[in-house]
Structures are given as C-alpha cells and as structure tokens.
Amino acid sequence: YTVQYSNGSCFGEAGHQILWPINANGTSVFKKGTIVIARFRVCDAKGASIRTPGTIKSATVQTVGGSGPKPDGDNDDDDGKAPFFWDPLGREWVHLVGTGRLVANRTYVYTVTLNDNSTIVFQFGLR
C-alpha cells in the first residue's frame, strides 16, 4: 500500500501547499519579532484532510542571503527540524515560527517532507 496525497482542493482551499498568511508564491515578508503562522493541508483524492500521525516525515529550514540562527518555534529541536501540530478546527497542520532570533533581510526556506516522500516547500523573508 502506497500513500499518495492530492494536490487538489482540500477543505475549501488548496491542498499540498502553504496557506495564508504565507504566500505560496514565496513573496511574503514579515516583521522581525513577530510570530509567523505556517499552515497547510494534506488531503486524499476525495478532498478529506489527513491528520494521521506520521503524515509529516520531516521538516527542515535553510537560511538564504547569509547565515543566521534557526527559527524559534514550538518545540524546535537542535537539528533544525520544525515541528507541526494538527489543528482540528481548521483541519490543517500548523507551525508557529518565532522570528525574534532571526536576522532581518534574510529569507527562510522550509521543506516539509510527507510520508509519501512528496514535499511542500515555502519561504518568507524578514524585514
């Protein structure tokens, strides 16, 4: 049995991509010191949102435009993985990114790998 997730509509929004307030086209810029809410949905072929533990295999973050500290986050661990939690009300995966330790004028790129080995890549800049 192989898991494969849909890229179609998922609970009324795009599936398998980052959702507002982060723009899917990578143009989001946030003020340093704020909390950035990263959210996305993973759905099956029928558009049902998936919350199964293990859906998110890993999540990593890279800094573009120079080096800088890792994003703060809800239980960020020392190897740079960014944990996501399930929000049952929004039927979505969420990560709260604290930007207090980050460097302005840098871009932070996340790669979330799902258990079907597909990825959701998103980024945002800080000012």
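Residues numbered from 1 in each chain as written. Predicted model: local features only at pLDDT ≥ 70, side-chain atom pairs only at ≥ 80, totals over all residues. Heavy atoms only, no water.

**Looking at unusual backbone geometry**
Between Trp20 and the following residue, Pro21, the backbone shows a cis peptide bond with an omega angle of 20 degrees. Of note, Pro21 is situated in the loop between β2 (13-14) and β3 (29-30). The backbone of Phe11 sits at a positive phi, close to 55 degrees, despite the residue not being glycine. Within the secondary structure, Phe11 is located in the loop between β1 (9-10) and β2. Notably, His16 is not glycine yet its phi reads approximately 65 degrees, a positive angle. Judged by its relative accessible area of 13%, His16 is buried. (Helix = DSSP H or I, 4+ residues; strand = E, 2+ residues; numbered from the N terminus. Buried < 20%, exposed > 50% of the residue type's maximum accessible area, 1.4 Å probe, protein only.)

**Comments concerning the sheet that holds strand β10 (residues 119-126)**
Sheet strands line up and pair through hydrogen bonds in the backbone, either parallel or antiparallel. Spatial strand order, β3-β10-β9-β5: four strands in an open sheet with mixed pairing. On the outer flanks of this sheet lie β3 and β5 (56-64), each paired with one strand and no other. Two strands pair when backbone bridges link them, and β5 and strand β9 (residues 107-114) are joined in this way by eight bridges, in the antiparallel orientation. The residue of β9 that forms the bridge with Thr60 is Thr111. (Pairing = 2+ DSSP bridges.)

**Side note on the state of the cysteines**
Tallying each qualifying case throughout the model produces one disulfide. Across the disulfide from Cys10 sits Cys43; the S-S distance is 1.4 Å. Looking along the S-S bond of the Cys10-Cys43 disulfide, the torsion reads about 55 degrees, which is the right-handed sense. Of this pair, Cys10 sits in strand β1 while Cys43 sits in the loop between β4 (35-40) and β5; the two residues are 33 residues apart in sequence, bridging distant segments of the chain. Of the two residues examined, Cys10 and Cys43, each falls in the buried class. (Disulfide = S-S within 2.5 Å.)

**Looking at the packing of aromatic side chains**
This model, assessed by the stated rule, comprises six aromatic pairs. Between Phe30 and Phe124, the ring centres sit 5.7 Å apart and the planes meet at 75 degrees, which makes this aromatic pair edge-to-face. Placement of Phe30 in strand β3 and of Phe124 in strand β10 is noted, with a sequence separation of 94 residues between them. Its relative accessible area of 16% is what places Phe30 among the buried residues. With relative accessibility at 0%, the residue Phe124 sits in the buried group. Three or more aromatic residues link up through ring pairs in this structure, and these residues are Phe30, Tyr108, Tyr110, Phe122 and Phe124. (Phe/Tyr/Trp six-rings, centres within 6.5 Å; stacked < 30°, edge-to-face > 60°.)

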